[in-house]
Amino acid sequence: MTPTIFVTGGAGYVGAHCCKAFARAGWNVVVYDNLSRGWRDFVRWGRLIEGDIRDAEALTAALREVRPDAVAHFAALAYVGESVSNPGLYFDVNTRGTLGLLQAMQACDVSRIVFSSTCATYGVPERLPIREDTPQAPINPYGASKLMVERMLADFGHAHGLRSVALRYFNAAGADPEGKIGERHEPETHLIPLAIAAARAGDSQLTVFGGDFATPDGTCIRDYIHVADLADAHVLALRHLLAGGASDVFNLGTETGTSVREVIAAVERVSAAPVRFVTGPLRDGDPPVLVASAAKAREKLGWAPQRSDIDSIMRDAWRWHKAESGRA
């Protein structure tokens, strides 16, 4: 029997790339998305059911109709700054919404889920690289909302037999290598698309938030992982659960940190154009350095990033954004 995967938030950036990978794996894909921050034209690898994860009746009806073998859960809000200024919204969508999803899954006898978690659950780590047993102490509501979901997964597993894999992403980046989809947000707050836009515009200016972090060049350091490599990890995590594997958590990163200034330099290399920038104030909730240990995912899932060096990420991102601008 061909597995069916119910993908919440499958019209978003990471979710859509994962839908492509699920379809390539030979699975049936059904997307559940309210399109508030996703994109209808990104739903190319499976049918779309429009709905909000906070709508318990609609969600339960969709699960009963689809009868999926597993859920891949991406539906969430993911702007750190917005979570600081409007924490209630984040706990409503990310935490309460997921509670409703887990209750709907229980009612419909769906017992496997892969959850899109985040390195933001760690806060400011005491040591690097960050391992899965690093204490989780989020410093912003976004990370806290995701950590609460991880606790719910564990508790539903204990009480109801739910089996879950939580994938703690570091910084998703890049675009589909075939150019079909890429990184699109409204509003756009992510560094790489903004830096590419500055390079393409010429007279545009990028704001770098913080220039006096305790890092070699004063800008914050992140572990950038190609979105196609993230998608491969989700396929492996679902295969693990479909084969009867136990609940687990995994970091997804490259074990290499790249500073904001190094990202800007990579954009300049691929574009052959300068990126003008100014230094702005630090943002609330921004740790100085986040770099993963991905040893556990490598050992238990057999996952190995293939396209996550910063220049490969940038080439795919540049190609997609250039084409996207031409389509606008």
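Relevant structure appears above.
Described in the following lines is the structure provided in the data block. (Residues numbered from 1 in each chain as written. Predicted model: local features only at pLDDT ≥ 70, side-chain atom pairs only at ≥ 80, totals over all residues. Heavy atoms only, no water.)

Attention now moves to helix H1 (residues 13-24). The terminal C-alpha atoms of H1, which comprises twelve residues, lie 17 Å apart, in line with the 16 Å expected from a rise of 1.5 Å per residue. All of the buried residues along H1 are Tyr13, Val14, Gly15, Ala16, His17, Cys18, Cys19, Lys20, Ala21 and Phe22. A positive phi of about 95 degrees marks Gly26, the residue just after H1. (Helix = DSSP H or I, 4+ residues; strand = E, 2+ residues; numbered from the N terminus. Expected span 1.5 Å × (residues − 1). Buried < 20%, exposed > 50% of the residue type's maximum accessible area, 1.4 Å probe, protein only.)

Taken together, the seven strands give an open sheet; going across it, the order is S3-S2-S1-S4-S5-S6-S11, and neighbouring strands pair in parallel fashion. Where the open sheet ends on each side, the last strands, each with one partner, are strand S3 (47-50) and strand S11 (248-252). Adjacent strand axes in the sheet meet at a mean angle of 20 degrees, parallel and antiparallel pairs treated alike. Bridge count between strand S2 (residues 28-33) and S3: four bridges; the pairing is parallel. Note that in S3 the partner of Val30 across the bridge is Arg47. The strands touched by helix H7 (residues 227-242) within the sheet are strand S1 (4-8), strand S4 (70-73), strand S5 (112-118), strand S6 (163-169) and S11, with S6 carrying the most contacts at an inclination of about 165 degrees. (Pairing = 2+ DSSP bridges. Axes fitted to C-alpha atoms, helices over the stretch in contact; angles between N-to-C directions. Contact = heavy atoms within 4.5 Å.)

Our focus in this paragraph is the packing of helix H2 (residues 56-66) against helix H4 (residues 87-107). It is at 9 Å that the axes of H2 and H4 come closest, and there the two elements cross at 40 degrees. Here H2 is positioned oblique relative to H4, judged by the angle of their axes. The crossing of H2 and H4 is right-handed. In this structure, H2 uses Leu59, Thr60, Leu63 and Arg64 to contact H4, whose residues at the interface are Gly100, Leu101, Ala104, Met105 and Ala107. (Parallel < 35°, antiparallel > 145°, perpendicular 65-115°, else oblique. Left-handed = near helix turned anticlockwise from the far one by under 90°.)

The subject of this paragraph is the pairing of S1. S1 sits mainly inside the fold: five of its five residues count as buried. Burial along S1 is two-sided: the residues Thr4, Phe6 and Thr8 and Ile5 and Val7 are all buried. Both S1 and S2 contribute to a ladder of five bridges, which runs parallel. Within the sheet, the bridge partner assigned to Thr8 lies in S2 and is Tyr32. Note on the crossover from S1 through H1 to S2: the handedness is right-handed. Summarising the sheet, S1 and S4 pair through four bridges and their orientation is parallel. Residue pairing for S4: Val7 is matched across the bridge by Ala72. (Right-handed = clockwise from strand over helix to strand, strands pointing away.)

On to the packing of H4 against helix H5 (residues 141-160), then. With their axes 9 Å apart at the nearest point, H4 and H5 run at an angle of 20 degrees to one another. Taken as axis vectors, H4 and H5 run roughly parallel relative to one another. The two elements H4 and H5 cross, and the hand of that crossing is right-handed. From H4, Pro87, Tyr90, Phe91, Asn94, Thr95, Thr98, Leu99, Leu102, Gln103 and Gln106 reach across to H5, where they touch Pro141, Tyr142, Ala144, Ser145, Met148, Val149, Met152, Leu153, Phe156 and His160. Broken down by class, the residue content of the contact of H4 with H5 amounts to 13 nonpolar, seven polar and no charged. (Nonpolar A, V, L, I, M, F, W, Y, C, P; charged D, E, K, R; others polar.)

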